[in-house]
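Fold and contact review
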Amino acid sequence: MATPAAKRIHGPVSEPDFMNVTKGIRSWLITLDHKRIGMMYLFGILISLLVGGAFALIVRTELFLPGKQLVAGDTYNQFFTLHGAVMVFLVIIPGIPAALGNIIMPIQLGAPDVAFPRLNLASFYLWVSGAILLVLTIPFGSLDTGWTLYTPYSLESKTPVLIAVCGVFLLGFSSIFTGLNFIVTIHKFRPQGMGWFQLPLNVWAIYATGIMQVLATPVLGITVLLLAVERFAHIGIFDPTLGGDPVLFQHFFWFYSHPAVYIMIIPGMGVISELISTFSRKPIFGYRFIAYSSISLALLSFLVWGHHMFVSGQSRLANMVFSALTFTVGIPSAIKVFNWVATLYKGDIRLKTPMLYALSFLLLFTIGGLTGLFLGILSVDVHLHDTYFVVAHFHYVMMGSTLVAFLGALHYWWPKFTGRMYPESLGKICAIGVFFGFNLTFLPQFVMGSRGMPRRYWDYDPHYQIYHQLSTVGAFVLGISIFISVMYLFASFKNGPKAPRNPWGGSSLEWQAPTPPTLYNFEKPPVLHELYNYDDIVEVEPDVWERITPTEVEPAVADEIAKKTGTATEHTAGATEADKAAAMIHAKAEEVKAESKLDESSRAKPLDPAKLPDEIEIAKKVAGAGELVPAEQKLAEAEAEAKAKAAEPAKEESDKEKK
Amino acid sequence: MSTAHDAHHDDHGHGHHGSRFIQHHYDDAQHQFDAGKLGIWIFLAQEVLFFSALFVAYILYRVHHGELYSYAHKYLDVKYGAINTAILIFSSLTAAWAVRCAQRNERAGLILCLATTIACAFGFLGIKYIEYSHKYHEQLLFGRYFDPCVSPGGNEFITKSNDCPGSKGSVHWDFGAGKATEGCYESSTIDQDPQTEGVQADCQVFETKVRIARGADGKETVTETSRKPIAERCHEWSLEEAEAEAEGGKQEAPEKFPCWKPSYQPAVCPDLTDATARAKGTAARPQVGILVEYGDHEERGEDIVIKAECKPAPKVTKELDILGTPEHPMQLGKPTIVKSHELTTHERHELEAMGPPPDHTNMFFTIYFAMTGLHGIHVFAGILVFMWLLIRALKGHFTPDYFGPIDYAALYWHIVDLIWIFLFPLLYLIH
Amino acid sequence: MASAAEHHDDHDHGLAHVASIKTLVATGGTLLFLTLVTVLATKIDFGANINLAIAMVIAVTKATLVILFFMHLRYDRLFHSVVFVSALLGAALFVGFTLMDTGQYQQTNIWNPSAPPVAPIGPRPTTGG
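Computed from a predicted structure; not experimentally measured.

All right, on to the overall build of chain A then. Assigned secondary structure in chain A consists of 21 helices and two strands. Here chain A holds 659 residues, and 61% of them are scored as buried. Long-range pairs, those at least 24 residues apart, make up 78% of the contacts in chain A with a sequence separation of at least 6.

The following block contains the structure:
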């Protein structure tokens with residue numbers, strides 16, 4: 001297509017995009033470009049997701065029937081431990097921040113890169129080293145302590161705990177440096193005019209995550225360091241026979257690991273804010289509340305770690321304190337869920353794949369969050385601790401929420417950084433598959449957990465069998481859906497159709513960048529617009545959106561579109577007085593209609609000249625006295641002129657005839 | 001790449017006159033410096049949290065088991081700690097001064113300050129090495145390996161590991177099984193707590209032969225059949241003799257057994273206590289006593305028991321300080337006299353320091369080594385960083401426009417100093 | 001905090017505040033002096049808790065001097081102080097809650113010094129031992 005529109009839509013570009021600006025594997029391995037680093041992370045994370053998922057399927061297959069199917073005893077322990085360790089440390093904690101945060105967040109800020117690109121690359125290599133060490137445990141006997149590495153068993157286990165905790169130590173520092181990098185980037189690389197309350201909520205979420213990464217992860221570092229030294233040199237800090245305290249390990253471990261679960265979920269929540277807003281074509285409801293709740297959730301997360309230790313020998317006083325504090329930590333999350341639902345209300349909802357994931361998130365996170373509160377009740381937790389109820393709860397929040405948000409974000413930004421569209425119908429099918437598979441896997445687990453099925457058991461009483469079977473079937477549906485998603489994403493990377501600059505009509509700065517972005521992200525400096533305002537973003541072709549303000553398109557085209565859609569203002573060149581008047585009346589009429597009609601979207605519809613007289617009547621309801629008079633006058637004048645013009649040719653003809 | 005690069009020069013607007021170390025995505029030197037400053041402060045915050053777990057462990061043990069600290073801190077030499085503190089403070093000063101020199105483009109001053117900081121750091125590590133090697137020598141180690149040779153007050157211990165100077169034992173300790181595999185110590189049966197009832201004096205130790213009869217009701221009766229003073233049975237070996245024998249030389253007095261100075265000792269042979277005391281119901285808790293090594297149980301004979309008969313400490317006729325006075329210095333093996341008044345905290349601690357370590361004193365050393373060790377690793381890392389900076393300074397990389405790395409490294413160094421400022425009183429200056 | 005717009009135009013000031021030699025040396029000297037004080041204070045017995053309190057007060061004073069003058073926090077952005085203090089608060093939180101929990105530990109094995117467990121003497125039992 002040679003039309004100017006096409007040329008504009010499919011990107012620049014006077015320079016190559018970031019993937020083609022230099023070539024060769026070496027240029028990727030020593031890159032300082034945050035987008036390339038993010039993509040390398042993404043690749044590693046997706047591979048780790050499949051590996052961790054494979055372990056999960058082995059576990060679930062074993063549990064299909066009571067008794068040993070595939071693996072039992074210590075071997076079974078190794079599989080669920082590795083599933084946990086790989087998923088937690090390699091996939092979910094780095095997940096959204098390291099992969100998508102790295103690629104997208106600086107572009108959302110309009111920045112050319114993160115604050116410390118070399119540190120960014122170092123973080124990536126720390127991740128890789130940690131991953132290698134974790135995987136290296138497998139040939140040496142794997143790990144069977146549970147991902148939580150509780151003492152005293154982790155001190156005595158014959159498995160190579162030392163290798164694993166060295167890996168965890170490196171992964172911890174990868175996380176710390178990423179958080180540090182992002183915090184400084186957000187402070188120092190915002191453009192003129194982007195104050196804190198003009199930041200996209202995704203950026204707020206990454207900032208809150210960074211706070212937790214920097215303050216909590218070092219405690220994990222020292223904990224695993226002490227564990228390693230204890231195992232190696234018998235220093236005695238966690239060993240009661242030498243004077244130590246095994247519950248102290250749990251305090252140290254959970255001081256990090258509770259904020260860690262918020263490190264997992266908060267970036268997911270940031271993404272969901274973006275998705276829900278974009279796919280409802282509405283500003284996010286309660287922007288400041290969501291921003292504040294991200295920060296307060298980050299801070300409150302440090303106060304509740306003892307709720308993992310209610311039955312570990314923690315004192316009654318501490319139990320009560322932590323239980324009470326755990327209730328407070330549900331409040332910011334609830335605020336966000338209410339705000340998202342309010343955003344959906346009267347929105348112009350488009351059910352694309354990312355939106356399907358976002359809607360799944362709303363339900364699954366609500367379930368996960370509420371069941372977390374059940375577990376926070378001291379008396380209930382005594383019954384539910386170490387049962388499948390806990391397993392189901394954390395899978396709802398870690399997988400049903402965080403992983404779903406990750407998939408949603410991946411599909412949302414995939415066109416932007418790869419320049420390719422994934423297959424939409426397949427995307428929708430997999431999203432639905434994930435939703436149903438996930439619920440089928442984990443809802444039965446709530447039931448059997450509350451009926452006493454313990455976690456981490458490879459064998460069980462036959463009366464739990466039906467729940468396990470449902471769960472295993474669900475797991476396969478879920479696993480297959482995720483596997484297919486990853487496959488079609490990889491396939492689309494090479495073969496997918498080229499993506500437009502803004503396939504979803506997003507309003508934040510990354511949609512102004514070329515698709516894929518250039519090396520320093522923007523071909524011309526991005527322009528700040530009002531955040532989450534979709535009024536001037538218009539779908540010019542199916543799945544191709546353009547912002548019609550003159551900065552983004554050629555003025556002439558912008559004016560055309562404005563006149564056509566009835567949004568002409570005094571800035572629209574070539575707009576007649578009548579056009580402007582019609583636009584004003586139309587806007588007012590839409591306002592009235594929006595308030596009274598509950599079943600229509602609140603977005604303004606394009607102008608229909610035939611309906612104009614009706615609209616004048618409606619607009620009068622809200623217009624002040626005399627406000628519409630000049631407009632009506634102009635419209636009347638225009639009509640008269642039009643009639644005169646229409647009469648002229650006829651007159652001319654009749655003149656001609658006469659002549 | 002170059003065309004794309006050039007196209008962005010006006011977007012990024014960084015001066016072409018500035019240091020070549022201003023990175024591309026920064027607007028100017030100030031922007032990069034500010035970003036780096038924020039970054040290093042966040043890193044320092046992270047370091048604080050990294051050490052926090054050890055401070056938690058310290059505080060927990062201090063609050064709940066204070067006796068470990070009051071006993072074991074005496075093993076630490078305040079002198080070394082204070083010198084280290086002074087060295088670190090001085091190096092902090094030179095590090096801050098280095099930043100000033102860099103800001104003012106005083107290259108010579110910068111190099112001198114960096115070099116001095118590095119030298120001080122080496123000095124710190126040197127003293128640390130001296131302290132650690134002393135601890136290793138005295139078996140004052142962490143966790144499982146805590147096996148002190150002497151009490152803080154100077155009393156010798158019999159240790160499991162056998163590596164202490166002056167130790168004459170040939171006990172071989174199996175750490176895994178937690179018991180002696182060879183050799184055994186017998187203790188005399190003085191049963192009074194020296195801390196409350198005074199140290200026993202004038203102990204006579206005998207080797208007695210006993211007959212153990214088991215009555216119809218299952219009760220044992222122990223009857224002594226003969227006794228011999230231990231002095232006839234033991235020989236006081238010197239360290240040289242013991243070493244010579246160990247190397248396979250001739251035994252000096254093969255029929256005799258080594259004698260020991262009286263000292264406290266842990267019950268390394270819990271299955272050998274005096275039957276008489278047991279029958280009486282008063283536990284034979286090892287206290288001051290003469291110890292005689294008798295080799296293996298079988299070798300000695302099951303019917304031989306060490307007995308000590310001591311006189312109680314003489315009544316105090318005049319007040320003497322338990323630590324001795326210049327006229328009557330304290331000597332091992334000789335009776336000492338307890339002050340007749342209520343002991344002050346200080347004196348009580350001094351007296352405790354003569355005795356055996358409280359349970360789990362090894363935890364003090366665990367915490368000590370963990371904290372000072374981690375701190376030492378950070379000092380070492382600081383040395384590496386400063387050496388790198390020194391090389392760069394010699395190459396002339398730093399200008400008033402670009403001195404960020406010096407500033408950030410100095411901040412790191414100040415945190416290292418800060419942590420030591422707390423470690424020193426917490427570990428060395430306990431009362 | 002935003003980029004180019006806030007380029008400092010006080011070029012005589014450089015990129016940051018320059019510490020004066022007087023400040024540095026005075027701070028260093030004070031720190032050394034306080035070290036001496038804290039060592040001497042242990043020689044006097046005020047009671048274990050008071051000695052600890054004195055040592056901590058002196059340590060905190062030294063730390064404050066290092067932070068304010070050597071680390072330039074006195075002349076630096078407020079946010080950096082916020083960052084540092086929040087780390088300290090986090091550490092304090094950690095200590096406080098853990099102390100609260102471990103403070104509730106009860107002694108379960110009480111060693112009775114007058115009747116510790118004793119072992120038999122005499123011939124080794126033939127039944128296993």
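Scanning chain B from terminus to terminus reveals 14 helices and nine strands. The proportion of buried residues among the 431 residues of chain B is 53%. Contacts in chain B between residues at least 24 apart in sequence constitute 71% of all its contacts with a sequence separation of at least 6. Summed over all atoms, the accessible surface of chain B reaches about 18800 Å², with 56% contributed by carbon and sulfur.

Turning our attention to the interface of chain A and chain B. The interface of chain A with chain B comprises 45 residues on the first partner and 39 residues on the second. Buried area between chain A and chain B, both sides added, is near 3400 Å², and the carbon and sulfur share of it is 75%. It is A:Lys188, A:Ile222 and A:Tyr520 in chain A that bury the most area against chain B; as a group they hold 17% of the surface buried on that side. Scanning the region where chain A abuts chain B turns up seven residue pairs in polar contact (both at pLDDT 80 or more). Looking at the side of chain A that touches chain B, the elements with two or more residues in it are helix 6 (117-136), helix 8 (161-188), helix 9 (201-233) and helix 10 (246-280) of chain A. Class assignment of the residues belonging to the side of chain A that touches chain B gives a composition of 33 nonpolar, seven polar and five charged.

With that settled, the discussion passes to helix 6 of chain A. Residues and elements named next belong to chain A. If you check helix 6, its first and last C-alpha atoms are 29 Å apart, about what 20 residues at 1.5 Å a residue would give, namely 28 Å. Along helix 6, the residues classified as buried are Pro117, Asn120, Leu121, Ser123, Phe124, Leu126, Trp127, Gly130, Ala131 and Leu134. Where helix 6 is buried, its residues touch helix 2 (25-29), helix 3 (34-62), helix 4 (73-92), helix 5 (95-108) and helix 8.

In this section: the pattern of salt bridges. The tally for this structure, following the rule as stated, stands at 13 salt bridges over all chains. A:Arg501 is paired through a salt bridge with A:Glu523; the nearest N and O atoms lie 3.2 Å apart. Of the two residues, A:Arg501 sits in the loop between helix 17 (465-495) and strand 1 (537-541) while A:Glu523 sits in the loop between helix 17 and strand 1, which places them 22 residues apart along the sequence. On the accessibility criterion, A:Glu523 (26% relative accessible area) is partly exposed. Two residues, B:Asp77 and B:Lys79, come together in a salt bridge whose shortest N-O distance is 3.8 Å. Where salt bridges share partners, they join A:Asp348, A:Arg350 and A:Glu539 into one cluster.

Another aspect to go through is the packing of aromatic side chains. Aromatic rings in a pair are described by how distant their centres are and how their planes are angled relative to each other. Enumeration over the complete set of coordinates arrives at 74 aromatic pairs over all chains. Aromatic side chains A:Tyr412 and A:Trp511 sit 5.2 Å apart centroid to centroid with 70° between the ring planes, which places their arrangement in the edge-to-face category. With A:Tyr412 in helix 15 (residues 388-418) and A:Trp511 in the loop between helix 17 and strand 1, this residue pair connects regions lying 99 residues apart in the sequence. Of note, B:Arg392 hangs over the ring of B:Phe21, and the distance from its end group to the ring centre comes to 4.7 Å.

All names here are of chain A. Here strand 1 pairs with strand 2 (residues 544-547) via four bridges, running antiparallel. Following the sheet pairing, Ile537 is matched in strand 2 by Arg547. The antiparallel hairpin formed by strand 1 and strand 2 contains two residues in its connecting segment, where Asp543 sits at a positive phi of about 65°.

A few words now on the packing of helix 14 (residues 404-428) of chain B against helix 2 (residues 48-70) of chain C. For the pair helix 14 of chain B and helix 2 of chain C, the least separation of the axes is 9 Å and the interaxial angle reads 170°. Taken together, the axes of helix 14 of chain B and helix 2 of chain C lie roughly antiparallel to each other. From helix 14 of chain B, B:His414, B:Asp417, B:Leu418, B:Ile421, B:Phe422, B:Pro425 and B:Leu426 reach across to helix 2 of chain C, where they touch C:Ala55, C:Met56, C:Ala59, C:Val60, C:Lys62, C:Ala63, C:Val66, C:Ile67 and C:Phe70. Of the residues that constitute the contact of helix 14 of chain B with helix 2 of chain C, the class distribution is 13 nonpolar, one polar and two charged.

Attention shifts here to a nonpolar patch on the surface. Residues and elements named next belong to chain A. A surface patch of nonpolar side chains, amounting to about 510 Å² of accessible area, comprises Phe64, Leu65, Leu440, Ile466, Leu470, Val473 and Val477. If you tally residues by element for the nonpolar patch, the top one is helix 17, at four residues. With respect to the helices and strands, the residue Phe64 is situated in the loop between helix 3 and helix 4.

Residues and elements named next belong to chain B. Per-residue confidence for chain B gives a mean pLDDT of 71; residues scoring 70 or more make up 54%. Low pLDDT, under 50, characterises residues 281-299; the stretch is placed with 76 contacts to residues that sit more than four places away or in other chains. Overall fold confidence (pTM) sits at 0.78, and the ipTM for the predicted complex is 0.83.

Moving on, we come to the packing of helix 15 of chain A against helix 17 of chain A. Residue and element names in this part refer to chain A. At a minimum axis separation of 12 Å, helix 15 and helix 17 run at an interaxial angle of 15°. Here helix 15 lies roughly parallel to helix 17, going by the angle between them. As for the relative orientation of helix 15 and helix 17, their crossing is left-handed in sense. Contact residues: Tyr388, Met399, Leu403, Leu410, His411, Trp414 and Thr418 in helix 15; His468, Leu478, Ile482, Tyr488, Leu489, Phe490, Ser492 and Phe493 in helix 17. Tallied by class, residues from the contact of helix 15 with helix 17 come to 11 nonpolar, four polar and no charged.

Quick look at the environment of A:Trp458 now. Structurally, the position occupied by A:Trp458 is in the loop between helix 16 (424-450) and helix 17. Sequence-wise, A:Trp458 and A:Pro444 are 14 residues apart; in three dimensions their C-alpha atoms are separated by 17 Å.

The subject of this paragraph is the side chain of A:Asp33. All names here are of chain A. Tracing the backbone shows Asp33 in the loop between helix 2 and helix 3. Here the side chain of Asp33 touches Lys35 through a polar contact of 3.0 Å, side chain to side chain. With sequence-adjacent residues up to four places away left out, Asp33 is seen in contact with Phe18, Asp113 and Leu519.

Take the confidence of the model for chain A next. Residue and element names in this part refer to chain A. Across chain A, the average pLDDT comes to 88, with 89% of residues at or above 70. Considering each helix and strand of chain A separately, the mean pLDDT is smallest for helix 1 (residues 4-9), with a value of 39, and largest for helix 16, with 97. Scored below 50 in pLDDT, residues 1-12 makes 20 contacts in the model with residues more than four places away or belonging to other chains.

Residues and elements named next belong to chain A. Omega for the peptide link from Thr151 to Pro152 comes to -10°, which places this bond in the cis form. The topology assignment puts Pro152 in the loop between helix 6 and helix 7 (153-156). Here the bond from Thr515 into Pro516 is cis, since omega is -10°, no more than 30 degrees from zero. You can see Pro516 is positioned in the loop between helix 17 and strand 1. Of note in the backbone geometry, Lys346 takes a positive phi value of approximately 60° without being a glycine.

Reading the values: rules and limits
Residues numbered from 1 in each chain as written. Chains lettered and ligands numbered in written order. Predicted model: local features only at pLDDT ≥ 70, side-chain atom pairs only at ≥ 80, totals over all residues. Heavy atoms only, no water. Helix = DSSP H or I, 4+ residues; strand = E, 2+ residues; numbered from the N terminus. Buried < 20%, exposed > 50% of the residue type's maximum accessible area, 1.4 Å probe, protein only. Contact = heavy atoms within 4.5 Å. Areas by Shrake-Rupley, 256 points an atom, 1.4 Å probe, with all protein chains shown as cover. Buried area = accessible area lost by both parts, 1.4 Å probe. Polar contact = N/O pair within 3.5 Å; in protein donor to acceptor, adjacent residues only side chain to side chain. Nonpolar A, V, L, I, M, F, W, Y, C, P; charged D, E, K, R; others polar. Expected span 1.5 Å × (residues − 1). Salt bridge = Lys/Arg side-chain N within 4 Å of Asp/Glu carboxyl O. Phe/Tyr/Trp six-rings, centres within 6.5 Å; stacked < 30°, edge-to-face > 60°. Lys NZ or Arg CZ within 6 Å of the ring centre and 35° of its normal. Pairing = 2+ DSSP bridges. Axes fitted to C-alpha atoms, helices over the stretch in contact; angles between N-to-C directions. Parallel < 35°, antiparallel > 145°, perpendicular 65-115°, else oblique. Patch = residues over 30% accessible without salt bridge, like charges linked within 9 Å, V, L, I, M, F, W, Y side chains within 5 Å. pLDDT = per-residue confidence, 0-100. Left-handed = near helix turned anticlockwise from the far one by under 90°.

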